Amino acid sequence: ARERESERPRAAMANLSIDRTLPKPQDIASDGLDGIGFTHFWGNSPALDLLGDPQAAAFGVAAMGVSPGQQYKDASRDQDPFDAADEGQQMVAPAALPEEGPVNILVAGASDIRHLLKTVARRRGGGKGPKLRFYLHESSHEVLARHILFLQIINNKAMPVRERMETFLSVYGNTLIRERDSRYVNEIADEFIELITDQSTHPLAGIVDLNGLKFKDRDVLQEIFRGWKTDVPFDIEALRDQRARGYYRERYDYRKNMMDWDYNTHIKEKAGIINWFHYKAFCFSGVAFETRLASYNMPNHTLASYTAAMDRSKGTSVQVRGFWGDLINSPYWAFSIMTNPVDRPRLFKISGSQYRHTETEIAEFNVEDLIGQLETGEDLHLPAERPEEHLFPYSSPLDAMQKASDSHIEEVSEEQENAEQQRTRGRRKPKKEWPPLAPAFADGGVEVVLLSGELRDVLKKPKYRGHFHRAFLGSIHIMPLFQDAGIAHGSTEDPFKSKDPTAIVRIRQAPRLDRPDLLGKQREESVFAAAMAEGAEVVAETMKYQAHFDALQRLAYRHRVAQAAHLLGWRCEDERRGIPRMEHDMKEKKAQDVERYATDFLRFVTGPALPPLPRNDPELD
């Protein structure tokens, strides 16, 4: 019988388990990598004060709702899913900031200026404090151009605070924007071109340092600003739909089901404040923030970017202009899932198993609060609680704030604006007088240095040796750190990989426990380690809030970042919750629970500063 069974055709045996003629998963839908795009215009984590923020050490569900009597409270939140034993971990903390001289902060791959805004706002609220020098590095010039735009919007005191907030959110996360927002970007683009060529009189020229950019980078930025003009064609709706068809493929007509899966699997359990209907609307149209009764029908030219492609007819490489942003990760994470602890119980209140407020309202409150802190140095809080908030239909405290804000704003209809444009058409526009910057930026305590190019090549410069006291590394741009530690994909010298390809790592723990002998092995050759000051703090973004990776992949990413830091001699501040233990046969459901309650960020403290380079070192030439 054993011989007869061995004589059966292999194809027949294979058909007993699965039909090999069925299409592969890649033929039905993408794995998600092309859904996130090639240019990242917004971050996937909450805004942080990089000088010290409790949010950096937060763990667990971010947007946990608050309900009367806590009848909707998640009981598992009180149960710590991590091992109680700390395995002899030593508590580490970053060194104190310098009392004299500026605090140098490297922000690489953040994709927006959320961390800069919160850090500067907290500095303003806590007094003048030390001078802050931000080094913003992005791999895409389009993102750097948006950094300049958002700095200008936040500091444009000619507009009321609420109008600045609405313009900021509209341009920040919407593919289609209001007509007035489109005119705003169109008009300011000319001033940015003069800013790049050092001919601008805008106060922003006093805080934005372009000396870190090469002339070819400035030329690229000029072309980007010219592309923001409204007369430049940019059919973002058609381009985004083309991207969506390439991502969903055969399931394009049923893409709502895939959106529902992403929301319920990766978003709802971590941030229920994000409304399903709003997330679905973003996935369908790309419009995330809608304020008031406005029409969002103009393309957002700031989301246009270039990516490398191959000419099918000639076989040569070309640059293709289009919309290459994220399709599945919404722009809600930066400002919508956290708020001031004083106002959080009222803003995240649950009634009838539904949140009373949406993520858009939370984002509006938070951005308005940041602008207010930049102006006055005082936090924005909700008005006094009223009885109507506890009685059906449950009035919102935000409504009273909006009415008070609207009373100071003079509404101008679109007909009046168009008539004004007709009267001034053809006339030579007078030289514009720009209002001063917000007090937090105008006191000379903030400087913004723009950087581009390969991050490791930038940090190799001798002037950056032991230079940075704080650093933030975005998750999508973490590859230079892996390359620096010698553990990038394809590396043959990865000390954490077994020489035996068939070996199975049954339990993966933090590198301090698995390979304590490797601590600081790559420190002498590391560009990142050389650029950090002694006792500096490095905050690495995790993939906790990204909807295109499984929980096991997100946990593995945490361990990979920790391994790179371990090789550089950096120590993790919260190893127990930041780098939870992994098992080779861990089920996806358990991995989701562990990753959901892990920290939002990985924080590391660097070792002693490396000695300065000798004067005859060739790198000084």
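The model shown is predicted, which means the values in this text are computed figures rather than measured ones.

Draft legend 1. Inspection of the overall build of the protein chain at higher detail. Helix and strand counts for the protein chain stand at 23 helices and 16 strands. Looking at the protein chain residue by residue over its 621 residues, the buried ones come to 52%. Sequence separation of 24 or more characterises 82% of the internal contacts of the protein chain that already satisfy a separation of 6 or more. A total of about 30,300 Å² of accessible surface is found on the protein chain, and carbon and sulfur atoms cover 51% of it.

Draft legend 2. Structural context of the packing of aromatic side chains. If you walk through the whole model with that rule in mind, you get 19 aromatic pairs. Consider the rings of Tyr135 and Tyr464, whose centres lie 5.7 Å apart with planes at 85°: the pair is edge-to-face. On the criterion of sequence distance, the pair formed by Tyr135 in strand 2 (residues 132-137) and Tyr464 in the loop between helix 17 (455-459) and strand 11 (468-473) is long-range, its members being 329 residues apart. Take Tyr135 and Tyr464: they sit in the same class, and that class is buried. Arranged with centres 6.3 Å apart and planes meeting at 70°, the rings of Phe472 and Phe601 form a pair that is edge-to-face. Of this pair, Phe472 sits in strand 11 while Phe601 sits in strand 16 (residues 601-605), and the two are 129 residues apart along the sequence. With relative accessibility at 0%, the residue Phe472 sits in the buried group. Under the relative-accessibility criterion, Phe601 is labelled buried at 2%. Here a set of aromatic residues connected by ring pairs shows up, and it is made of Phe150, Phe168, Tyr172 and Phe335.

Draft legend 3. The environment of Thr302, seen in detail. For Thr302, the position within the fold is in the loop between strand 5 (298-299) and strand 6 (304-310). Along the chain, Thr302 and Glu142 lie 160 residues apart, while their C-alpha atoms are 7.4 Å from each other. A polar contact of 2.9 Å, which involves the side chain of Thr302, links it to the side chain of Arg146. Looking at Thr302, its side chain comes within polar contact range of the side chain of Asn300, at 2.6 Å.

Draft legend 4. Structural context of unusual backbone geometry. One non-glycine residue, Asp198, adopts positive backbone phi at about 60°. On the secondary structure map, Asp198 appears in the loop between helix 7 (179-196) and strand 4 (208-209). Overall, Asp198 belongs to the exposed group, its relative accessible area being 59%. With phi around 55°, Arg249 is a residue other than glycine that occupies positive phi space. Here Arg249 is to be found in the loop between helix 9 (236-248) and helix 10 (255-267). On the basis of relative accessible area, Arg249 is assigned to the partly exposed category, the value being 36%.

Draft legend 5. Here's a closer look at helix 10. Over its 13 residues, helix 10 extends 17 Å from the first C-alpha to the last, a length consistent with the 18 Å expected when each residue adds 1.5 Å. Of the positions making up helix 10, those classed as buried are Arg255, Met258, Met259, Asp262, Tyr263, Thr265, His266 and Ile267. On the buried face of helix 10, the contacting elements are helix 9, helix 11 (276-285), helix 21 (551-567) and helix 23 (588-596).

Draft legend 6. Examining the side chain of Arg560 more closely. Tracing the backbone shows Arg560 in helix 21. Once residues lying within four places of it in the same chain are set aside, the contact partners of Arg560 are Phe482, Ile487, Asp494, Phe496 and Lys497.

Draft legend 7. Quick look at the nonpolar core. Core analysis: the biggest nonpolar cluster contains 107 residues, and Leu116, Phe168, Ile274 and Phe441 have the highest contact counts within it. With nine residues, helix 5 (residues 141-155) is the largest single contributor of residues to this core. With residues up to four places along the chain from it excluded, the contact list for Leu116 reads Phe134, Leu136, Leu151, Phe441 and Val448. Listed in part, the 43 residues of the second largest apolar core include Val458, Ala485, Ala529 and Ala562.

Draft legend 8. Main features of the confidence of the model for the protein chain. For the protein chain, the mean per-residue pLDDT works out to 85, and 84% of the residues sit at or above 70. Between residues 1-26, whose pLDDT stays under 50, and residues either more than four places distant or in other chains, the model counts four contacts. Here residues 69-78 is a poorly scored stretch, pLDDT under 50, and it has 12 contacts once near neighbours within four places are set aside; other chains count.

Draft legend 9. A look at the pairing of strand 10 (residues 446-451). In terms of burial, strand 10 is largely enclosed, as six of its six residues are buried. Side chains Val446, Val448 and Leu450 of strand 10 all project onto a buried face; the interleaved residues Glu447, Val449 and Leu451 project onto the opposite face, where all are buried too. Note: strand 2 against strand 10, six bridges, orientation parallel. In the sheet register, Tyr135 faces strand 10, and the bridge partner there is Val449. Bridge count between strand 4 and strand 10: two bridges; the pairing is parallel. In the sheet register, Asp209 faces strand 10, and the bridge partner there is Val449.

How each quantity is defined
- Residues numbered from 1 in each chain as written.
- Predicted model: local features only at pLDDT ≥ 70, side-chain atom pairs only at ≥ 80, totals over all residues.
- Heavy atoms only, no water.
- Helix = DSSP H or I, 4+ residues; strand = E, 2+ residues; numbered from the N terminus.
- Buried < 20%, exposed > 50% of the residue type's maximum accessible area, 1.4 Å probe, protein only.
- Contact = heavy atoms within 4.5 Å.
- Areas by Shrake-Rupley, 256 points an atom, 1.4 Å probe, with all protein chains shown as cover.
- Phe/Tyr/Trp six-rings, centres within 6.5 Å; stacked < 30°, edge-to-face > 60°.
- Polar contact = N/O pair within 3.5 Å; in protein donor to acceptor, adjacent residues only side chain to side chain.
- Expected span 1.5 Å × (residues − 1).
- Core = buried A, V, L, I, M, F, W, Y, C linked by side-chain atoms within 4.5 Å.
- pLDDT = per-residue confidence, 0-100.
- Pairing = 2+ DSSP bridges.

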